[in-house]
Amino acid sequence: MQVEPFTFNPFMTNCYLCHDQGEAVLIDASCDAEAECAQVKEVIEEYGLDVRHLLLTHAHVDHIFGCRFFEEQFGQRFKAHEAAVPFIERAEEQAAAFGVEVDPPSMPTTFLAEGDTIPFGDVTLEVLYTPGHSPDSISFVHRPSRQAITGDVLFQNSIGRTQGLPETSRAQLLDAITEKLLPLGDDVTIYPGHGPTTTIGQERAQNPFVQEALQQ
Ligand SMILES: [Zn+2]
Ligand SMILES: [Zn+2]
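Residues numbered from 1 in each chain as written. Chains lettered and ligands numbered in written order. Predicted model: local features only at pLDDT ≥ 70, side-chain atom pairs only at ≥ 80, totals over all residues. Heavy atoms only, no water.

1. Focus: the coordination of the zinc ion (ligand 2)
Taken together, Asp62 (OD), His63 (NE2), Asp152 (OD) and His194 (NE2) make up the protein donors of the zinc ion (ligand 2), found 2.1 to 2.3 Å from the metal. Metal-centred angles of 88 to 163° between the four donor atoms at the zinc ion (ligand 2) mark the site as irregular. Read in sequence order, the donor residues for the zinc ion (ligand 2) give the motif D-H-x88-D-x41-H. Between the two metals, the zinc ion (ligand 2) and the zinc ion (ligand 1), the spacing is 3.4 Å, and Asp152 donates to both. (Donors = N, O, S within 2.8 Å, 3.2 Å for Na, K, Ca; no water. Tetrahedral: all angles 85-135°; square planar, octahedral: opposite > 155°, others 65-115°.)

2. Here's the deal with the sheet that holds strand 4 (residues 50–55)
With respect to topology, five strands assemble into an open sheet ordered 1-2-3-4-5, the strand pairing being mixed. In this open sheet, the two edge strands, each paired with only one partner strand, are strand 1 (2–8) and strand 5 (78–79). As judged from the two bridges shared by strand 4 and strand 5, these two strands associate in the parallel manner. In the strand pairing of strand 5, Leu54 is matched with Phe78. Of the strands in this sheet, strand 1, strand 2 (13–20), strand 3 (23–27) and strand 4 are in contact with helix 1 (residues 34–46), which crosses strand 1 at around 165°. Along the sheet face, helix 2 (residues 67–74) touches strand 3, strand 4 and strand 5 and points at about 145° away from the line of strand 4. (Pairing = 2+ DSSP bridges. Helix = DSSP H or I, 4+ residues; strand = E, 2+ residues; numbered from the N terminus. Contact = heavy atoms within 4.5 Å. Axes fitted to C-alpha atoms, helices over the stretch in contact; angles between N-to-C directions.)

3. Remarks on the environment of Glu126
Among the secondary structure elements, Glu126 is positioned in strand 7 (residues 123–129). C-alpha of Glu126 to C-alpha of Ala176: the two residues are 50 residues apart in sequence and 15 Å apart in space. The contact partners of Glu126, leaving out residues within four places of it in the chain, are Asp116, Ser139, Phe140, Val141 and Arg143. In this structure the side chain of Glu126 is engaged in a polar contact, spanning 2.9 Å, whose partner is the side chain of Arg143. (Polar contact = N/O pair within 3.5 Å; in protein donor to acceptor, adjacent residues only side chain to side chain.)

4. Points about the coordination of the zinc ion (ligand 1)
The reference angle at a metal is 109.5 degrees if four donors form a tetrahedron and 90 or 180 degrees if six donors form an octahedron. All of the protein donors around the zinc ion (ligand 1) are His58 (NE2), His60 (ND1), His133 (NE2) and Asp152 (OD); their distances to the metal are 2.1 to 2.4 Å. Around the zinc ion (ligand 1), the four donor atoms sit at angles spanning 88 to 173°, and that spread fits a shape best called irregular. Linear spacing of the donor residues for the zinc ion (ligand 1) on their chain is H-x1-H-x72-H-x18-D. Given the relative accessible area of 4%, His60 is considered buried. (Buried < 20%, exposed > 50% of the residue type's maximum accessible area, 1.4 Å probe, protein only.)

5. Considerations on the sheet that holds strand 13 (residues 198–199)
Read across the open sheet, the six strands follow the order 6-7-8-9-12-13; overall the sheet is mixed. This sheet does not close on itself; its edge strands, each paired only once, are strand 6 (117–120) and strand 13. With three bridges connecting them, strand 8 (residues 138–142) and strand 9 (residues 147–151) associate as antiparallel partners. What sits directly across from His142, in strand 9, is Gln147.

6. Quick notes on the nonpolar core
The tendency in soluble globular proteins is for nonpolar side chains to be buried side by side. Membership of the largest hydrophobic core comes to 30 residues, with the highest contact counts inside it found for Leu17, Leu26, Val40 and Phe70. Going through the elements one at a time, strand 1, strand 2, strand 3, helix 1, strand 4, helix 2, helix 3 (85–89) and helix 4 (91–97) are the ones with two or more residues in this core. In terms of residues, this core owes the most to one element, helix 1, which gives four residues. Once residues within four sequence positions are removed from consideration, Leu26 is found in contact with Cys15, Tyr16, Leu17, Val40, His53, Leu54, Leu55, Phe70 and Phe78. (Core = buried A, V, L, I, M, F, W, Y, C linked by side-chain atoms within 4.5 Å.)

Keep in mind that these numbers describe shape and distance, not what the molecule does.
As structure tokens, then:
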């Protein structure tokens, strides 16, 4: 599985295009301007990819700016955890609180939960439920290639925010990291919602929040 990372919008939110054998999934359409969405579209066209699934790690406003563009482009809706529903319903409100505007995505008709699988190319992504930063946080894992797209759960030297946001739980977040992500193995590459790509091993060794969680 090849992963093409992009970073978009004033919140510097990552968007990932994962592809294999000419088929792709788009995870978190964070592009908030037509020019940003066009960048992703260009790569899709350059590789001649058939986009099979549009996916959200969670529905915080900085991850959904470009959803409408890709829904219309590919004639399909984003798939998300069902706890994303109230966040999508309140997306415009959520955006206004941050001083930005959003054209919210259509309500998902397919919801994802722990253990679900997402096939494309020769790849089957596995869904892990990793709440805490938000109640709808999920991660997408491809064990054979040792890669995981984890949204706002684990960052390089940091973790997802649990203050000033609705329905967060720091304890749940630390549990998600120690019980779901760390067991994936130190050689697994993590593609986070913000900041640079890292690995489980690097975060186990250096991340103060992970070390705090492990001591509990
Ligand atoms: Zn978030
Ligand atoms: Zn985010």
